[in-house]
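Chain by chain, the residues:
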Amino acid sequence: MMFAGVALFGAATVVFGLSSTPWVSIAALVVMGAADMVSVYVRETLIALWTPDKVRGRVNAVNMVFVGRGALRRHRWDRHAYGRSHLGGAFSQASQDR
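Residues numbered from 1 in each chain as written. Predicted model: local features only at pLDDT ≥ 70, side-chain atom pairs only at ≥ 80, totals over all residues. Heavy atoms only, no water.

(A) Region of the structure containing the overall build of the protein. If you tally the helices and strands in the protein, you get four helices and zero strands. When the helices and strands of the protein are listed from N to C terminus, the series reads α-α-α-α. Burial statistics for the protein: of 98 residues in total, 13% are counted as buried. Taking the contacts inside the protein whose residues are at least 6 apart along the sequence as the reference set, 31% of them involve residues at least 24 apart. Within the structure as shown, the protein displays about 8,000 Å² of accessible surface, and the carbon and sulfur contribution to it stands at 69%. (Helix = DSSP H or I, 4+ residues; strand = E, 2+ residues; numbered from the N terminus. Buried < 20%, exposed > 50% of the residue type's maximum accessible area, 1.4 Å probe, protein only. Contact = heavy atoms within 4.5 Å. Areas by Shrake-Rupley, 256 points an atom, 1.4 Å probe, with all protein chains shown as cover.)

(B) How the structure looks around the side chain of serine 19. Checked against the element boundaries, serine 19 lands in the loop between helix H1 (2-18) and helix H2 (22-50). Within the structure, serine 19 has its side chain in polar contact with the backbone oxygen of threonine 21 (distance 3.0 Å). (Polar contact = N/O pair within 3.5 Å; in protein donor to acceptor, adjacent residues only side chain to side chain.)

(C) Fine view of the environment of valine 40. Locating valine 40 in the fold gives a position in helix H2. Once the C-alpha coordinates of valine 40 and valine 6 are considered, the two residues, 34 residues apart in sequence, prove to be 9.4 Å apart.

(D) Layout of the side chain of serine 25. Position of serine 25 among the secondary structure elements: in helix H2. Other than its neighbours up to four places away in sequence, serine 25 contacts Phe16 and Ser19.

(E) Examining the confidence of the model for the protein more closely. Scored by pLDDT, the protein comes out at a mean of 78, with 68% of its residues at no less than 70. Mean pLDDT values over the elements of the protein span from 49, in helix H4 (residues 86-96), up to 92, in H1. Note that pLDDT drops below 50 for residues 89-98; the model gives that stretch three contacts with residues more than four away or on any other chain. (pLDDT = per-residue confidence, 0-100.)

Structure, rendered in structure tokens:
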């Protein structure tokens, strides 16, 4: 089930990337979100059920490092693209226009 969710997420990503119609893009984003939730739910359930009690905290910490790393990369890209923050980016762009 998890692999099906990941495969569906990938297929919806391809559809979103190739789409030029707004309603197809929105539908692809909805499918991407649903498929991602399925894969995350299954992964978290498997970790909780199959990890021995003695190391569950460590395994969850490692999982959070790898899953959270994607969010950190997006945050860094946002800071690079928009300045210090979204509001700071507007100020940064306005100060560069002078």
